[in-house]
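Next come the chains, spelled out residue by residue.
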Amino acid sequence: MDEMPRDHRPAKSVRVLLAEDQGMMRGALALLLGMEPDIEVVAQVSAGDAIVDAVLTHRPHVALLDIELPGRSGLDAAADLRDEAPDCRVLILTTFGRPGYLRRAMDAGAAGFLVKDGPVEELASAIRRVLTGETVVDPALAAAALSAGPNPLTARERDVLNAGADGATIADIARRLHLSESTVRNYLSSAIGKTTTRNRMEATREARRQGWL
């Protein structure tokens, strides 16, 4: 029997979308995954707010999403895809293995969560496994998430911390979120207490370190 050509694709190869803002990383992932005989990278995007349109246009089976993307985070995009393209499985691939990120990814409907330092063979296997209905999670991160407990911040507390992350004043945050200044102060005070920090900037840093924002 003749050897199968290297560029042969099975009739039902797995269609993958890559969302990664670093061009070199995105290109390397696309090249390496494209060498797998049953995986085809059908779309690449560099911004989070381009993910849903690209998925609806190219109809991938799996969307491979980074978390920290310009425009919209991969976690927010995962939640959008759950509503807009429920047949597309989402696999989060990130540099930041933070327990809070894992919980948010699962809440957003992601089927898997891996860190970028693993071999491409492991990633290819994860892509195939999520298509069978499995949930694939980095074992060390899963253990850390269990020990860390749930995100203590409410959605509004997260909104207020995010709105003030650029150094905005209380009045600025209130205008951005259409809240009263006293309400903003209450949310900030609660967030500071829950993160056991001294001020809102420290609270924001700690919440990000934990993956709560």
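About the cut-offs
- Residues numbered from 1 in each chain as written.
- Predicted model: local features only at pLDDT ≥ 70, side-chain atom pairs only at ≥ 80, totals over all residues.
- Heavy atoms only, no water.
- Pairing = 2+ DSSP bridges.
- Helix = DSSP H or I, 4+ residues; strand = E, 2+ residues; numbered from the N terminus.
- Contact = heavy atoms within 4.5 Å.
- Axes fitted to C-alpha atoms, helices over the stretch in contact; angles between N-to-C directions.
- Core = buried A, V, L, I, M, F, W, Y, C linked by side-chain atoms within 4.5 Å.
- Buried < 20%, exposed > 50% of the residue type's maximum accessible area, 1.4 Å probe, protein only.
- Right-handed = clockwise from strand over helix to strand, strands pointing away.
- Parallel < 35°, antiparallel > 145°, perpendicular 65-115°, else oblique.
- Left-handed = near helix turned anticlockwise from the far one by under 90°.

Engineer: Explanation requested: the sheet that holds strand 2 (residues 39-45) in the structure shown.
Structural biologist: Remark on secondary structure: sheet strands pair via backbone hydrogen bonds, oriented parallel or antiparallel. Across the sheet, which stays open at both edges, the six strands sit in the order 2-1-3-4-5-6 with parallel pairing between neighbours. Sheet topology places strand 2 and strand 6 (136-137) at the edges, where each strand pairs with a single neighbour. Sheet topology note: the strand 3 (residues 62-65)/strand 4 (residues 89-94) ladder contains four bridges and is parallel. Directly across from L65, in strand 4, lies its bridge partner I92. On the sheet, helix 4 (residues 99-107) packs against strand 4, strand 5 (112-115) and strand 6 and is oriented at approximately 150 degrees with respect to strand 5.

Engineer: I tried to follow the nonpolar core on my own but got confused; where do I start?
Structural biologist: Where a protein is soluble and globular, its nonpolar side chains tend to be buried together. Counting residues in each nonpolar core, the largest one holds 29 residues, and the members touching the most others are L17, I51, V55, L65, L81, I92 and F113. Elements with a minimum of two residues in this core: strand 1 (14-19), strand 2, helix 2 (51-58), strand 3, helix 3 (74-84), strand 4 and helix 4. With five residues, helix 3 is the single largest residue contributor to this core. Beyond its immediate sequence surroundings of up to four residues, I51 is in contact with L17, A19, V45, L65, L69, A77 and L81. Core analysis: the next-biggest nonpolar cluster, separate from the first, contains 20 residues, V14, L18, I39 and L91 among them.

Engineer: Just to check I follow, could you spell out the pairing of strand 5 for this structure?
Structural biologist: In summary, the side chains of a regular strand alternate between the two faces of the sheet. The two faces of strand 5 match: G112 and L114 on one face and F113 and V115 on the other face are all buried. Strand direction decides the pairing type here: strand 4 and strand 5, joined by four bridges, are parallel. Looking at the pairing, T94 lines up with V115 of strand 5. Relative to strand 6, strand 5 is paired through two bridges, and the arrangement is parallel. From the neighbouring strand, F113 faces strand 6, where its bridge partner is V137. With respect to chirality, the unit in which strand 5 leads through helix 5 (residues 120-131) into the neighbouring parallel strand 6 is left-handed.

Engineer: Teacher, can you tell me more about the packing of helix 7 (residues 155-163) against helix 8 (residues 170-177) here?
Structural biologist: The packing of two helices is summarised by the inter-axis angle and the distance between the axes. Contact geometry of helix 7 with helix 8 gives a least axis separation of 9 Å together with a crossing angle of 125 degrees. Taken together, the axes of helix 7 and helix 8 lie oblique to each other. Seen along the crossing, helix 7 lies across helix 8 with a hand that is right-handed. Between helix 7 and helix 8, the residues in contact are R156, D159, V160 and A163 and I173, R176 and L177, respectively.

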